[in-house]
Amino acid sequence: MVKPNGSTKRLTPVARGHADLETRDLILDAADRVFIRKGTASGRTQEIADEAGVNKALVHYYFGTKAALADAIFARALGMLVPRIFGILADPNRSIEQKVPAIVKEQIDFHTARPYLAGYMIAELHAHPERIARMMTAHGRVPLDVLRRQLQEGARARKLRRIAPEQFVANLMGLLLFPFAIRPALCELLGFDSDRWQAFLEERRRVLPDFVMAGLRP
């Protein structure tokens, strides 16, 4: 087993597995911090290695390329976010009025902490659509059954306009992801510095649920 400082030590297979996982996570955490500061295009492998406190060869050993490292971060991030979003959508005890603000909060909090991720996803979808789509569906497809029933019941009660659950999900995803995906252009167009951008996101947390629900009402 090669340690970050370049020394070797004999480990049992179980201990080696744990050490490999710890080193891999150490590099992923470091890459995440570098990408937050510089983005996926400008972040360099050497900078990631320095941030992690390991040598560059170790980064290549675990991930091969910077693109593979970015993919690993993307897959790990989806593993944190997707189950939470799916859980909200599939929860029969939450109304549509409760689900919308919960999803808005989850998504905005998630992308605020990882500002590079939405832009990376859009760029990679153009370059490698099959690979990114496969990563996005690794946790299954969007659970629509409960959502479909709630939307239909709301429409029958004339509390909601008729809308397919697929349209509901696509509309909500677009409203949540688009500002993060085009953040540099949006900040330039609207004259936002970093403080104004954060204020914009805080306001969006408040106004977006009402905006979505207003569009659902007949």
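Parameters and conventions
Residues numbered from 1 in each chain as written. Predicted model: local features only at pLDDT ≥ 70, side-chain atom pairs only at ≥ 80, totals over all residues. Heavy atoms only, no water. Helix = DSSP H or I, 4+ residues; strand = E, 2+ residues; numbered from the N terminus. Contact = heavy atoms within 4.5 Å. Areas by Shrake-Rupley, 256 points an atom, 1.4 Å probe, with all protein chains shown as cover. pLDDT = per-residue confidence, 0-100. Core = buried A, V, L, I, M, F, W, Y, C linked by side-chain atoms within 4.5 Å. Buried < 20%, exposed > 50% of the residue type's maximum accessible area, 1.4 Å probe, protein only. Axes fitted to C-alpha atoms, helices over the stretch in contact; angles between N-to-C directions. Parallel < 35°, antiparallel > 145°, perpendicular 65-115°, else oblique. Nonpolar A, V, L, I, M, F, W, Y, C, P; charged D, E, K, R; others polar. Salt bridge = Lys/Arg side-chain N within 4 Å of Asp/Glu carboxyl O. Phe/Tyr/Trp six-rings, centres within 6.5 Å; stacked < 30°, edge-to-face > 60°.

J.: I keep staring at the overall build of the protein chain and nothing clicks. Help me out?
T.: On a plain count of helices and strands, the protein chain comes out with eleven helices and zero strands. The order of helices and strands in the protein chain, counted from the N terminus, is α-α-α-α-α-α-α-α-α-α-α. Each of the three principal axes of the protein chain carries a C-alpha extent, and together these read 70 × 45 × 30 Å. In the protein chain, once contacts between residues fewer than 6 apart in sequence are set aside, the share between residues at least 24 apart is 64%. Entry remark: accessible area of the protein chain is about 12400 Å², with carbon and sulfur atoms responsible for 56%.

J.: Could you clarify how one ought to interpret the confidence of the model for the protein chain in this entry?
T.: Should the pLDDT be low somewhere, the predicted coordinates at that spot are not to be read in detail. Summarising the model, the protein chain shows a mean pLDDT of 88, and 91% of its residues fall at 70 or more. The weakest mean pLDDT in the protein chain belongs to helix 1 (residues 13-42) at 76; the strongest belongs to helix 8 (residues 145-156) at 98.

J.: Looking at this structure, how should I read unusual backbone geometry?
T.: Peptide bonds are mostly trans, and most non-glycine residues show a negative phi. Of note in the backbone geometry, Arg 158 takes a positive phi value of approximately 60 degrees without being a glycine. Summarising the element assignment, Arg 158 is placed in the loop between helix 8 and helix 9 (165-181).

J.: How do you make sense of the nonpolar core when you look at a structure like this?
T.: One recurring pattern in soluble globular proteins is that nonpolar side chains are buried together. Among the nonpolar cores identified, the biggest contains 61 residues, and Ile 27, Ile 96 and Phe 168 are the most heavily contacted of them. Considering every element that reaches this core, the biggest residue donor is helix 4 (residues 66-90), with 13 residues. Residue contacts for Ile 96: discarding those within four places in its chain leaves Leu 147, Gln 150, Leu 151, Leu 160, Phe 168, Met 213 and Leu 216.

J.: I'm lost on the packing of helix 6 (residues 117-127) against helix 9 in this one. Help?
T.: In a packed pair of helices, the relevant descriptors are the angle between the two axes and the axis-to-axis distance. Contact pair helix 6 / helix 9: the axes reach a minimum separation of 7 Å and the direction vectors enclose 95 degrees. Judged by the angle between their axes, helix 6 and helix 9 are roughly perpendicular. Every residue of helix 9 that contacts helix 6 at Ala 118, Gly 119, Met 121 and Ile 122 is listed here: Leu 177, Phe 180 and Ala 181. Among the residues making up the contact of helix 6 with helix 9, the classes are represented as six nonpolar, one polar and no charged.

J.: Would you mind showing me how to read the pattern of salt bridges here?
T.: Oppositely charged side chains may form a pair once their charged atoms are brought near each other. Enumeration according to the criterion identifies twelve salt bridges in this entry. Put simply, Arg 94 and Asp 91 hold a salt bridge, and the shortest N to O gap is 3.4 Å. Salt bridges sharing partners connect three or more residues here, namely Arg 33, Arg 37, Glu 47 and Glu 51.

J.: Any chance you could explain the packing of aromatic side chains here in plain terms?
T.: Aromatic rings in a pair are described by how distant their centres are and how their planes are angled relative to each other. Summed over all chains, the structure comprises six aromatic pairs. Both rings, one in Phe 35 and one in Tyr 116, keep their centres 5.6 Å apart while their planes meet at 70 degrees; by these two values the pair is edge-to-face. Placement of the pair is Phe 35 in helix 1 and Tyr 116 in the loop between helix 5 (96-113) and helix 6, with a sequence separation of 81 residues. Exposure remark for Phe 35: the relative accessible area of 1% places this residue in the buried category. Measuring from centroid to centroid gives 5.9 Å for Phe 180 and Trp 197, while their planes differ by 90 degrees, and the two rings are edge-to-face.

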